[in-house]
Amino acid sequence: MNPLLQEFNTAPFSKIETNNYKPAIKKAIEIAKEEIQTIVENSESPTFENTTVALDFTGEKLNRITSIFFNLNSAETNDEIQKIAQEVSPWLSEFRNDITLNEALFKKVKEVFNNKEKLALTPEQEMLLEKQYKGFARNGANLNEEDKSELRKIDTQLSKLSLQFGENVLAETNAFEMHLTNEKDVSGLPESAKEAAKQLANEKGKEGWIFTLDYPSYIPFMTYADNRELRKKLAIAAGKKGFQKNKNNNEQIVLDIVRLRHKRANLLGYKTHAHFVLEERMAETPEKVIDFSNELLEKAKPAAKKEFKNLEKYAKKLDGIDQLQKWDGAYYSEKLKKEIFDLDQEILKPYFKLENVIDGVFEIANRLYDLKFEEVANIDKYHQDVKTYSVTDTSGNFIAVFYADFHPRKGKRNGAWMTSYKPQHIKNGINERPHVSIVCNFTKPTPTKPSLLTFNEVTTLFHEFGHALHGMLANTTYNSLSGTSVSWDFVELPSQVLENWCYEKEALELFAKHYETGEIIPMKYVEKIKESASFHEGMQTLRQLSFGLLDMSWHSQNPSEIKSVKDFENEAFTDTKLYPDVAENVMSTAFSHIFQGGYSAGYYSYKWAEVLDADAFEYFLEKGIFNKKVASKFKENVLSKGGTEKPMILYKRFRGKEPKPEALLKRAGLI
């Protein structure tokens, strides 16, 4: 019996064998097609219930199975799983197209949509109907037969290309290691980084230390290693992922993806891919995004140039360096920061033992939103590192299942993300609660030390947990409007706003305790964390904006004339460039956010959401960071509402007014 085709509540990881996936996905697609057929063949005239709602609840089995499969393809993959992903992705593309290009189905959806004025719908029902109708229209339902088949072809190609892109990046990441045997080569590195590198070398049966392109290995080396040549070697290796003359080269894939996206947008009647994407976002148009980015750029650029000049002077004074390079940035920034604020990241780490930080974020969620987290052993998991929790409210009502997976390993892609195994919705009067997961890549414990986080990793954990709260507190009727199913430039608000608690004394005192002595983090450190938070904020802002503008360059114009990824990228970076160019490096060929994740024409949304989060947190600061009234307003109007209404309406209901960028600029020390 195929465990994926049985009824299950939590994902039955331990029962699943790799060869279960293909038959299960195939069967689930058949079941979903039958559900669609039932709607189409219903002889009654189309109503909101028999068409709109029925359609929203189709494909539940398929969604559960594919969420398990694709989550594992990110967190615990292997060659076999990647091969299956390549095979099933086109099936799923085709199935999605079978729905959106199904004329009889669209006719019914359209009829309900055209009669919506007479239906006395709630705002949530109206949103569902509109989202559904647009889902068809924006995916080709109004096209003629010839264009529809062209669209199917494009979608199948795109799904294969983005998978291939991601596999190439992962292969490049895994293929590189820097093996060092001379003690001199690891000078400057903190003990914890050396110990982790030694452990890695041991695991591979080698002497000395091994450094890789995985963040917990890469970042400490770039930040602390005194050997400039080795920093250069590592930086260049990281910067040429997908840009080498080998089978993992992503240059053609990048060009193919942007051309196909452009072609697809044109086919659907949009000027560019960015016009297509942004129609459904808070930002609405590429022009608005570019104006927004340039407005911030204007404020950040003078600060960034000044910071860069100071950093250059500092590196020259310290080590006689005439030309600051990309592999010098983190190293001298850290030294300068330490000098100015007398704050060493390594001094902070003992106060951020992973388990304590987890308890801290749980306690904060409890004080704000009345949630309780209990670690449980009766939930199946896909790897022994995964922690599983039952989440209830203070009255004992069950809220969610929560999974957390914190450490890097071979089958896991870099970075950090939140995802879900089961969505929340209300059906037949039953509120089905969500199963939510966060996946990170934090330093592993070693034989002598627990997992101690850098402050950066602490904010990452809070960030992903903010997304998780958005998923866990979801309370909507329909699947497709639940939890994080909101417009993309709104989705980062819950995650980014929660990061603010990491900087507040009242919050830090709950969990920032020395792992050996239990001493609470000294206040002078907290002050320094706050002061140093806006250190090099000009340069950081410039960097974020440069990524967003690169993304917009790829997607807001006709890419058919682009010959060279490298030349195009250099052109896009003209206004935001500080460091000299590195000939053998390119960013786009490993820019997974926009070529594999869902951020194409959407990378700006991190900055956009920062404006929202600074403005929202200002409200908490005015009333108190654990103020129940403000927290309830945020929970009621943002966290639980998902995509049931337009984001600006929800935001204004919470805040009482539209957000202004001043709070962000003030927080960043740019005004």
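Whatever comes next refers back to the structure up there.
Residues numbered from 1 in each chain as written. Predicted model: local features only at pLDDT ≥ 70, side-chain atom pairs only at ≥ 80, totals over all residues. Heavy atoms only, no water.

So, about the overall build of the protein. In terms of helices and strands, the protein carries 27 helices and nine strands. Taking 671 residues into account, the globule formula puts the C-alpha radius of gyration at 26 Å, and the protein, at 25 Å, falls close to it. Projecting the C-alpha coordinates of the protein onto the three principal axes gives extents of approximately 80 × 60 × 55 Å. Taken across its 671 residues, the protein has 58% of its residues classed as buried. Contacts in the protein between residues at least 24 apart in sequence constitute 73% of all its contacts with a sequence separation of at least 6. (Helix = DSSP H or I, 4+ residues; strand = E, 2+ residues; numbered from the N terminus. Rg over C-alpha atoms; globule rule 2.2 N^0.38 Å. Buried < 20%, exposed > 50% of the residue type's maximum accessible area, 1.4 Å probe, protein only. Contact = heavy atoms within 4.5 Å.)

Structurally, Met-222 is set in helix α9 (residues 215-224). Taking the C-alpha atoms as reference, Met-222 lies 6.7 Å from Trp-327; in sequence the two are 105 residues apart.

On the secondary structure map, Thr-100 appears in helix α4 (residues 79-100). What makes Thr-100 buried here is its relative accessible area of 14%. What Thr-100 contacts, discounting residues up to four positions off in sequence, is Gly-135, Phe-136, Asn-139 and Ala-141.

Turning our attention to the packing of aromatic side chains. Under the criterion given, the structure shown has 48 aromatic pairs. On the basis of an interplanar angle of 85° and a centroid distance of 4.9 Å, the ring pair of Phe-308 and Tyr-579 is categorised as edge-to-face. Remark: Tyr-579 occurs in the loop between α22 (565-572) and α23 (592-595) and Phe-308 occurs in helix α13 (residues 286-319); sequence separation between them is 271 residues. What makes Tyr-579 buried here is its relative accessible area of 17%. Pairing Phe-362 with Phe-465 gives two aromatic rings, centres 5.8 Å apart and planes at 50°, and the pair type is tilted. Taken together, the residues span a long stretch of sequence, with Phe-362 in helix α16 (residues 354-369) and Phe-465 in helix α17 (residues 455-472) at a distance of 103 residues. For the pair Phe-362 and Phe-465, a shared accessibility class is recorded, and that class is buried. Through a chain of ring-to-ring contacts, three or more aromatic side chains come together here, namely Trp-501, Phe-617, Tyr-619, Phe-620, Phe-634, Tyr-651 and Phe-654. Positioned over the ring face of Trp-209 is Lys-198, at 4.5 Å from the centre of the ring. Of note, Arg-367 hangs over the ring of Phe-626, and the distance from its end group to the ring centre comes to 5.5 Å. (Phe/Tyr/Trp six-rings, centres within 6.5 Å; stacked < 30°, edge-to-face > 60°. Lys NZ or Arg CZ within 6 Å of the ring centre and 35° of its normal.)

A cluster of acidic residues, Glu-287, Asp-291, Glu-295, Glu-298 and Glu-662, forms a negative patch on the protein surface. Ranked by residues supplied to the negative patch, first place goes to α13 with four residues. One can find Glu-295 in helix α13. A relative accessible area of 42% places Glu-295 in the partly exposed class. (Patch = residues over 30% accessible without salt bridge, like charges linked within 9 Å, V, L, I, M, F, W, Y side chains within 5 Å. Areas by Shrake-Rupley, 256 points an atom, 1.4 Å probe, with all protein chains shown as cover. Salt bridge = Lys/Arg side-chain N within 4 Å of Asp/Glu carboxyl O. Lys, Arg positive; Asp, Glu negative; His and termini not counted. Charge placed at Lys NZ, Arg CZ, Asp CG, Glu CD.)

Within the open sheet, the five strands sit side by side as β3-β4-β5-β9-β6. Their pairing is mixed. Whereas interior strands pair on both sides, the edge strands pair on one side only; in this sheet they are β3 (371-375) and β6 (417-422). Across the sheet, the axes of successive neighbouring strands diverge by a mean angle of 25°, strand direction being ignored. Direction of pairing for β3 relative to strand β4 (residues 387-393): antiparallel, over a ladder of five bridges. In the strand pairing of β4, Phe-373 is matched with Val-391. Relative to β3, α16 is tilted by about 150°, and along the sheet it contacts β3, β4 and β5 (398-405). (Pairing = 2+ DSSP bridges. Axes fitted to C-alpha atoms, helices over the stretch in contact; angles between N-to-C directions.)

Right, let's get into the packing of α13 against helix α14 (residues 326-341). A pair of packed helices is captured by two measures, namely the crossing angle of their axes and the spacing between those axes. Where α13 meets α14, the axes come as close as 10 Å, and the angle between the chain directions of the two elements is 85°. Compared by their axis directions, α13 and α14 come out roughly perpendicular. Of the residues in α14, those in contact with Leu-311, Tyr-314, Ala-315, Lys-317, Leu-318 and Asp-319 of α13 are Gly-329, Tyr-331, Tyr-332, Ser-333, Lys-335, Leu-336 and Glu-339. Taken together, the residues of the contact of α13 with α14 sort by class into seven nonpolar, two polar and four charged. (Parallel < 35°, antiparallel > 145°, perpendicular 65-115°, else oblique. Nonpolar A, V, L, I, M, F, W, Y, C, P; charged D, E, K, R; others polar.)

Since one α-helical turn is 3.6 residues long, residues separated by three or four positions face the same way. Between its terminal C-alpha atoms α14 stretches 23 Å, which fits the 22 Å expected from 16 residues at 1.5 Å a residue. Where α14 is concerned, the buried positions are Trp-327, Asp-328, Gly-329, Tyr-331, Tyr-332, Ser-333, Glu-334, Leu-336, Lys-337 and Phe-341. Contacts from the buried residues of α14 go to α9, α10 (228-239), α13, α15 (345-348) and α20 (523-533). Of the residues trailing α14, Asp-342 is marked for its positive phi of about 50°. (Expected span 1.5 Å × (residues − 1).)

Counting 141 residues, the largest nonpolar core has Phe-352, Phe-402, Phe-465, Trp-501 and Trp-554 as the members making the most contacts within it. Looking at this core element by element, the count peaks at ten residues for α13. Discounting chain neighbours no more than four positions away, the residues touching Phe-465 are Val-361, Phe-362, Ala-365, Phe-373, Phe-402, Ile-438, Met-472 and Leu-498. (Core = buried A, V, L, I, M, F, W, Y, C linked by side-chain atoms within 4.5 Å.)

A few words now on helix α8 (residues 191-203). Between the first and last C-alpha of α8 there are 18 Å, a value that for 13 residues agrees with the 18 Å anticipated at 1.5 Å per step. Here α8 has its buried residues at Ser-192, Ala-193, Lys-194, Glu-195, Ala-197 and Ala-201.

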